[in-house]
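Topology and contacts: notes
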Protein chains: 4
Amino acid sequence: MSDPRIPIVILGATGMVGQRAIQLLAEHPWFRVGALAASSRSAGRPYREACRWNLDGEPYAGVGDLPVLPCEASALVRGAGARALALSALPSDVARTVEVALAEAGWVVVSNASAFRADPRVPLVIPEVNADHLRLIDRQPWPGALVTNPNCTSTPLTLALAPIHREVGLEAVCAASYQAVSGAGYPGESAWDLLANVRPHPGDEEQKMAAEPKRMLGTLGQNGIVQASFSMSARCVRVPVVDGHLVAAQVRTRSTITPERAASLIRSFDPGLDLPSAPRPTLLVDDRRDRPQPRLDASAGRGMAVTVGRIEPCEVMGLKLFCLAHNTLRGAAGAALLNAELLRSEGYLERLKG
Amino acid sequence: MSDPRIPIVILGATGMVGQRAIQLLAEHPWFRVGALAASSRSAGRPYREACRWNLDGEPYAGVGDLPVLPCEASALVRGAGARALALSALPSDVARTVEVALAEAGWVVVSNASAFRADPRVPLVIPEVNADHLRLIDRQPWPGALVTNPNCTSTPLTLALAPIHREVGLEAVCAASYQAVSGAGYPGESAWDLLANVRPHPGDEEQKMAAEPKRMLGTLGQNGIVQASFSMSARCVRVPVVDGHLVAAQVRTRSTITPERAASLIRSFDPGLDLPSAPRPTLLVDDRRDRPQPRLDASAGRGMAVTVGRIEPCEVMGLKLFCLAHNTLRGAAGAALLNAELLRSEGYLERLKG
Amino acid sequence: MSDPRIPIVILGATGMVGQRAIQLLAEHPWFRVGALAASSRSAGRPYREACRWNLDGEPYAGVGDLPVLPCEASALVRGAGARALALSALPSDVARTVEVALAEAGWVVVSNASAFRADPRVPLVIPEVNADHLRLIDRQPWPGALVTNPNCTSTPLTLALAPIHREVGLEAVCAASYQAVSGAGYPGESAWDLLANVRPHPGDEEQKMAAEPKRMLGTLGQNGIVQASFSMSARCVRVPVVDGHLVAAQVRTRSTITPERAASLIRSFDPGLDLPSAPRPTLLVDDRRDRPQPRLDASAGRGMAVTVGRIEPCEVMGLKLFCLAHNTLRGAAGAALLNAELLRSEGYLERLKG
Amino acid sequence: MSDPRIPIVILGATGMVGQRAIQLLAEHPWFRVGALAASSRSAGRPYREACRWNLDGEPYAGVGDLPVLPCEASALVRGAGARALALSALPSDVARTVEVALAEAGWVVVSNASAFRADPRVPLVIPEVNADHLRLIDRQPWPGALVTNPNCTSTPLTLALAPIHREVGLEAVCAASYQAVSGAGYPGESAWDLLANVRPHPGDEEQKMAAEPKRMLGTLGQNGIVQASFSMSARCVRVPVVDGHLVAAQVRTRSTITPERAASLIRSFDPGLDLPSAPRPTLLVDDRRDRPQPRLDASAGRGMAVTVGRIEPCEVMGLKLFCLAHNTLRGAAGAALLNAELLRSEGYLERLKG
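Here is a short report on the structure shown in this document. In this numbering scheme, every chain counts its residues from 1 along its sequence in written order. As a convention, the first chain written is A and the first ligand written is 1, with the rest following in written order. Where local features are concerned, this predicted model is filtered to residues with pLDDT of at least 70; where side-chain atom pairs are given and counted, the filter is 80 or more; whole-chain, interface and lining totals use all residues. Each side-chain value is worked out from all heavy atoms of the structure, with water and hydrogens disregarded.

A look at the overall build of chain A
- Along the backbone of chain A there are eleven helices and 16 strands.
- For a compact globule of 354 residues, the expected C-alpha radius of gyration is about 20 Å, and chain A comes in at 20 Å, within 12% of that figure.
- If you line up chain A on its principal axes, its C-alpha atoms span 60 × 50 × 35 Å.
- The rule is simple: take the accessible area with a 1.4 Å probe, protein chains only, and divide by the maximum for that residue type; under 20% is buried, over 50% is exposed, in between is partly exposed. With 354 residues in all, chain A has 66% of them scored as buried.
- Within chain A, counting contacts between residues at least 6 apart in sequence, those at least 24 apart form 74% of the total.
- Across chain A, 37 positive and 35 negative side-chain charges occur, with their mean positions spaced 1 Å apart. Under the scheme used here, helices are H or I runs from DSSP no shorter than 4 residues and strands are E runs no shorter than 2 residues, and both carry numbers assigned from the N terminus. Here the globule rule reads 2.2 Å times residues to the power 0.38, and the radius of gyration is calculated from C-alpha atoms. Contact between two residues is taken to exist if any of their heavy atoms lie within 4.5 Å; hydrogens are not considered. The charge count includes Lys and Arg as positive and Asp and Glu as negative, but it does not include His or the ends of the chains. Note that the charge is assigned to NZ on lysines, CZ on arginines, CG on aspartates and CD on glutamates.

In structure tokens:
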């Protein structure tokens, strides 16, 4: 039986996000796992030996026998073809050297890594928010293409605020995150640090979270992306939650907006996308006063919907709300896959036929 | 052996805060447990039978044999004397009927309950912040007195911001809390709700947290407390932590202040108090990038110090920081006890000699 | 569109197990929710108002508008018909008065309650283990019928040991449990008690866990069930896990059996059932040295499979292993539903046509 | 002011157990930190830079400025003297090469490492259980000495069973553990693995736990230790607890013993030791049905007491009970320090004067 689905090469296949991507592809209508790549330590071994499978469900999701390729451009081209579609779940430093090299080689890369998210040549895309930014690809100097998705903490906030920004314009956002441990990969955070504890994020997460929404809510101009002109401040804290990043946001808009109007805009948000991983609706509003909660709500829309709650007046900023998304699905593996679906839908995978 | 220490009647002795108060009194230099009172369900039984002891250390902290009195003013006066010092850890609805009745009867009550925190006759006091508000007592219409301490979430924020407010004036504060389960009492939150989860606080915690700092940072005027005139917005979230409330705050001041100056003000904050439960220093600044953390830092200063960290510039508000305090010590039992110490130090316990 | 599926009345519909049952029925091929019953406090209100929905997925699983009936036999007969199939998720004391009354009224009741599990007239059944015990119904003095499923902790152990018992006979079992909080219902355990803690089960769980496997692994004789003649001892401990009871068992058999042979018997265990909720296979053996784990393995076989691991020699008892099942699915709601399926398959629902 | 206390060199000073040892020494009456040693990666740097301090309380416990020595015998002798007392918290593989080399060089080493616990020349000692085994030192071929303490899981079980073994003799023990994450060191277990989960211990913990109690409850004979002749089987499981290992034990004795008699023996157990870290009493019996619990009871006796509960009849083995100890205090750093105290008390530190 030949599988007519388009093969995807998973870069960083043994990590938390790589495993989620493989799990999602097991039942994907358009794509399948084509090849797996990981660090040189894993290369050459069958996936089941190279990988400590961390997720529930069938270990290795049916691809345990695939050999693991090294994450070097030339070896990947040799092993997986001159033109290929890749989903990158690489650490940032590895991504930096490999992703552009693959785009130069003619590959189309959808990346979850942070390495090129701020690169003016590379679109940072959530399909429901800024699919049009994809046209940056037309100006990319490579025969292939490189597209990124945002950080897992920027994602729920950007999606929740998109309809408000379009209607009345954002002026400033204060945010505080409650981030799940899966966002740190595996082994990630030590149990000692997180048991019955919360921990301010010591890295540059706050910078990413402040910068990425402005870029995605910006516009595509002659000279690239023009950032949206609101100010943004974030505090990021890791909490003992398995999956699902919650964000508390206090929001000032350019024109006044009532909480009821904001809720209505969020509820009726319809990006009009018809992609397999795009949930319908994209945004859910939960009216219960103690929601959203990561353990109960992160899986809404098969982990791809964003749940918003407690949309209320704010004495300081005007409006406040909570929003939540599954960080390794909507915030990582599912985000990259959704970008791959958008690329196909927009015709960019034609490049692979070159 | 007669114990020369001043007896305190613990109201709400079987709850989480009551137990902490009893534990603190076991080794207190000025005060001792005089009598215990709880709901009518417990009244008449020895404390060890009425109480499910929830804390570590010696069960019942040496007072297991004391009979439990009912929480009614007349019964309390009969059982514990015409004039007495009481520490109230009562639920708000019970506090509302009992506390003023006791003040009318001549008792001096230090209360952790929220019932009278917003009453213009009643001082809401953190000794290091607004000891002078105690003079409201002089205008109280009762032969006794009633003093309250703030909510456990307002406490670390008010203490951390006090030196900044004094120096440059607060204009606006956006805050988000990470609150421990002990703040909900016992049994409090269900394990089902909190395991590997966080939960927006469904009650009126956000209102309390926004109102109380303005009152405490206000000034005592002719006609009572004049609130400080900054705006304040809070988001409150319960997290799976045992003890210790962390608050992320984004702060706008009337005059510009650098993070370094803010840190210096916090470090050098010295209220000049000489009370047994007052920690020295009051405020700690921890420079480690992943601090403060509730499990490791809540016990600083025997649970009475506030730890501040990550004092940094904020793109939206100017300044941001984290602050943390132990919610049942500095935020409840220890706060009430510290108020009792202040009352003694200021001579207000002379009323008990009437 | 009329729904041809058999209606089931859920008794105890607002609790943790009742909610799971309703969730399972939303997609069940044979059965649907017919009516909902709960305590008199809830009776008369629509389910969405009477119930605090605790599970993920769609709140109220599509039956939020159904009115809640009281849990009294006469009211149930009035409200849901003279003959009906009921799934009881009642507390034991309520079950004791209602379940037999309903069987006397002609209802067929599959109960998860412990009230009648030890009653000699009532079969205690896991379909894959002792479906033949169902024939006790033929001797029941009621026009309806009453069938029970075991405690959520007995379940994984009984299923894991069944193939070994059949082959070589059990002589003695020492067990220790690691039980999830959902087993205590809602609100169940306090977060204060379980955060970063484990807690010996203070109730009679150890007695149930020791008694029930002997009954189910026994045989149906002239005078009722003849218990299997092994001895059994259990220690039960609640752990901070959401769903999934793990059991460590040390096992002495009548004839020697190697771990390899035991694993082979478990792997090849095939009860030959063709029921919608029966997983295939019933028992999984996981060879990874750190499995089974509740968070990752409880959902195997849609929460109805039992996962067994670390089958090894034991210096004291001969054989040791871990086994795991989802406590509110295989151990409660799914167990009762599986018994309902077995009743239908064995023709016992014909009684409802009387 | 010169500190008259005996200096101890901490080997493995940056790890979880090393930090606990340093914390304990800050207030020890007999000993003080003399020098610190860690892996070559840390060597040469001040402790505050080499170490990520993981504990509560004052970071680095006053020795942050001490330079870290490498863990090699010659360098240690050069850096800390020809004769010294060392407390080893080394990983087993490093311990294997260093500890004997130090004993050969004339050092007295109290080790928490597992490397030499089964070595017939080396005493495995809990002072309250088998202080007499220390006399093995007299037969050691080295000018110095090497003494070990048991695994943190063996410790509570051995202490709890010691008085029963002495009275009626153990015949067999089935045990199951509930082990805290601090037992794995730092970073140890991944938060991903342990959040809302429990995990069978994949290593050789069960073998250690079965072997060590037999050795410690054995007797010192002509040819070394004669193991106690009971059989023992353990299941070891990591649980999401910070500190404190709980063990469920089912016990068969040579002569019958009632639970009441067992409780009485445990309560009245008095080893007659007068050492600073030895708690009084050694063993506590808690009668509450849901105790012992790690979070509440691990710190009993400043983390050095063992709490026993639920001493009950067992249908299979005769007797069952739970026991609990703090794993990094009584089970590791405190255990090694207690052995050092015993060595001093028994005169073995005279060797250092050589």
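Section: the side chain of Ser111 of chain B
- Along the chain, Ser111 of chain B turns up in strand β5 (residues 108–111).
- Apart from the residues within four sequence positions on either side, Ser111 of chain B is in contact with Ser88, Glu99, Leu146, Val147, Thr148 and Asn149 of chain B.

Some details on the relation of the copies chain D and chain C
- The superposition of copies rests on a least-squares fit of C-alpha positions from residues with pLDDT of 70 or more in both. Its rotation angle being 180°, the transformation that places chain D on chain C also includes 0.0 Å of axial translation and leaves an RMSD of 0.0 Å. Such values leave the two copies arranged in the relation of a two-fold axis.
- Looking at chain D, 100% of its interface residues are interface residues in chain C too, so the copies touch through the same face.

Some points on the packing of helix α6 (residues 154–168) of chain B against helix α8 (residues 205–216) of chain B
Residue and element names in this part refer to chain B.
- Axis definition: a line fit to C-alpha positions, over the contact stretch in the case of helices; interaxial angles, taken between N-to-C directions, run 0 to 180 degrees. In contact at an axis separation of 9 Å, α6 and α8 are set at 40° when each is read in the N-to-C sense. Two packed elements cross with a definite hand, and for α6 against α8 that hand is right-handed. Contacts from Ser154, Leu157 and Thr158 in α6 reach Lys208, Met209, Glu212, Pro213 and Met216 in α8. A clockwise turn of the near helix away from the far one marks a right-handed crossing, whereas an anticlockwise turn of less than a right angle marks a left-handed crossing.

Some remarks on the sheet that holds strand β6 (residues 145–148) of chain C
Residue and element names in this part refer to chain C.
- One open sheet holds the six strands; their spatial order is β3-β2-β1-β4-β5-β6, and the pairing between them is parallel. Here the strands that pair on one side only, and so sit at the sheet edges, are β3 (68–70) and β6. The sheet shows a mean angle of 30° between the axes of neighbouring strands, taken without regard to direction.
- One requirement defines pairing of two strands: DSSP has to find at least two bridges between them. Across four bridges, strand β1 (residues 6–11) lies against strand β4 (residues 85–88) in parallel orientation. Each residue of the ladder has a partner; that of Ile10, found in β4, is Leu87.
- Most of the contacts of helix α12 (residues 329–345) go to strand β5 (residues 108–111), to which it runs at about 145°, and overall it touches β1, β2 (31–38), β4, β5 and β6.

Points about the interface of chain D and chain C
- Between chain D and chain C, the contact holds 52 residues from the first and 52 residues from the second.
- Take the accessible area each of two parts loses on contact, using a 1.4 Å probe, and add the two losses: that sum is the buried area. Approximately 4,200 Å² of surface area, both sides summed, lies buried where chain D meets chain C, with 52% of it carried by carbon and sulfur atoms.
- By definition here, a salt bridge exists when the distance from a side-chain nitrogen of Lys or Arg to a carboxyl oxygen of Asp or Glu is within 4 Å. Here chain D and chain C share ten salt bridges between them.
- With a shortest N-O distance of 3.1 Å, Glu206 of chain C and Lys320 of chain D are connected by a salt bridge.
- Between N or O atoms, a polar contact is any pair within 3.5 Å; within protein, one atom must be a potential hydrogen donor and the other a potential acceptor, and residues adjacent in sequence are included only when both atoms are from side chains. Applying the counting criterion to the chain D and chain C interface returns 34 residue pairs in polar contact (both at pLDDT 80 or more).
- Tallying contributions element by element places strand β7 (residues 170–178) of chain D first for the side of chain D that touches chain C, with seven residues.
- Amino acid classes used here: Ala, Val, Leu, Ile, Met, Phe, Trp, Tyr, Cys and Pro are nonpolar; Asp, Glu, Lys and Arg are charged; the rest, including Gly, are polar. Its residues placed into classes, the side of chain D that touches chain C shows 30 nonpolar, eight polar and 14 charged.

Notes on the sheet that holds strand β13 (residues 245–253) of chain B
Residues and elements named next belong to chain B.
- Read from one edge to the other, the open sheet built from six strands follows the order β11-β7-β13-β16-β15-β14, with strand pairing classed as mixed. Each edge of the open sheet carries a strand with a single partner, namely β11 (231–235) and β14 (283–286). Pairs of neighbouring strands in the sheet enclose a mean axial angle of 25°, with direction left out of account.
- With four bridges joining them, β14 and strand β15 (residues 306–314) adopt parallel strand pairing. Within the sheet, the bridge partner assigned to Asp286 lies in β15 and is Gly309.
- Against the sheet, helix α9 (residues 259–267) engages β14, β15 and β16 (318–325), with an angle of about 165° to β15.

Some words on the environment of Glu260 of chain A
- Looking at the element boundaries, Glu260 of chain A is found in helix α9 (residues 259–267).
- Each C-alpha atom of the pair Glu260 of chain A and Ile311 of chain A lies 7.7 Å from the other, and the pair is 51 residues apart in sequence.

Points about the interface of chain C and chain B
- Each partner contributes to the interface: chain C provides 21 residues, whereas chain B provides 21 residues.
- Contact with chain B buries area across many residues of chain C, yet Ala191, Trp192 and Leu195 of chain C alone supply 45% of it, more than any other trio.
- A salt bridge links Asp193 of chain B to Arg52 of chain C; its shortest N-O distance comes to 3.5 Å.
- On the surface where chain C and chain B come into contact, there are ten residue pairs in polar contact (both at pLDDT 80 or more).
- Broken down by secondary-structure element, the contributors of at least two residues to the side of chain C that touches chain B are α1 (16–25) and α7 (191–194) of chain C.

Side note on the packing of aromatic side chains
- Two aromatic rings, drawn from Phe, Tyr or Trp (for Trp, its six-membered ring), form a pair once their centres lie within 6.5 Å of each other, and the interplanar angle then sorts them: stacked below 30 degrees, edge-to-face above 60, tilted otherwise. What the rule picks out here adds up to 14 aromatic pairs over all chains.
- Between Trp30 of chain C and Phe31 of chain C, the ring centres sit 6.3 Å apart and the planes meet at 80°, which makes this aromatic pair edge-to-face.
- Three or more aromatic residues link up through ring pairs in this structure, and these residues are Tyr47, Trp53 and Tyr60 of chain A.
- Counting as a charge over the ring demands two things of the Lys NZ or Arg CZ atom: a distance within 6 Å of the ring centre and an angle within 35 degrees of the ring normal. The ring of Trp30 of chain A has Arg344 of chain A sitting right over it, with the charged end atom 4.3 Å from the ring centre.
- A cation over an aromatic ring shows up here: Arg295 of chain C above the ring of Trp192 of chain D, its NZ or CZ 4.6 Å from the ring centre.

Topic: α1 of chain C
- Of all ten residues that make up α1 of chain C, eight are buried, and the element is covered over most of its length.
- Every buried residue of α1 of chain C is listed here: Met16, Val17, Gly18, Gln19, Arg20, Ala21, Ile22 and Leu25 of chain C.
- Contact partners of the buried residues in α1 of chain C: α7 (191–194) of chain B together with β1, β2, α2 (47–50), β4 and α12 of chain C.

Remarks on the relation of the copies chain C and chain B
- With an axial shift of 0.0 Å and an RMSD of 0.0 Å, the rotation relating chain C to chain B amounts to 180°.
- Counting the interface residues of chain C, we find that 100% of their copies in chain B are interface residues as well, pointing to one common contact surface.

Considering the side chain of Arg5 of chain B
All names here are of chain B.
- Assignment of secondary structure puts Arg5 in the segment before β1 (6–11).
- Polar contacts involving the side chain of Arg5 include one to the main-chain carbonyl oxygen of Leu25, which spans 3.2 Å.
- In this structure, Arg5 is in contact with Leu25, Ala26, Glu27, His28, Pro29, Trp30, Phe31 and Arg32, ignoring residues within four places of it in sequence.

Some details on the packing of helix α1 (residues 16–25) of chain D against helix α11 (residues 329–345) of chain D
All names here are of chain D.
- Packing of α1 against α11 leaves a shortest axis separation of 9 Å and a crossing angle of 55°. Of the possible angle classes, the one that applies to α1 and α11 is oblique. Crossing angle aside, the handedness with which α1 passes α11 is right-handed. Contacts from Val17, Arg20, Ala21, Leu24 and Leu25 in α1 reach Leu329, Ala332, Ala333, Gly334 and Leu337 in α11. For this classification, under 35 degrees means roughly parallel, over 145 means roughly antiparallel, 65 to 115 means roughly perpendicular, and everything else is oblique.

Structural notes on the pairing of strand β1 (residues 6–11) of chain A
All names here are of chain A.
- In this structure, β1 lies alongside strand β2 (residues 31–38), joined through six bridges in parallel fashion. Directly across from Leu11, in β2, lies its bridge partner Ala37.
- Regarding the hand of the β-α-β motif, the stretch spanning β1, helix α1 (residues 16–25) and β2 is right-handed. For the handedness criterion, the strands are oriented away from the viewer, and a crossover whose path from the first strand over the helix to the second runs clockwise is classed as right-handed.

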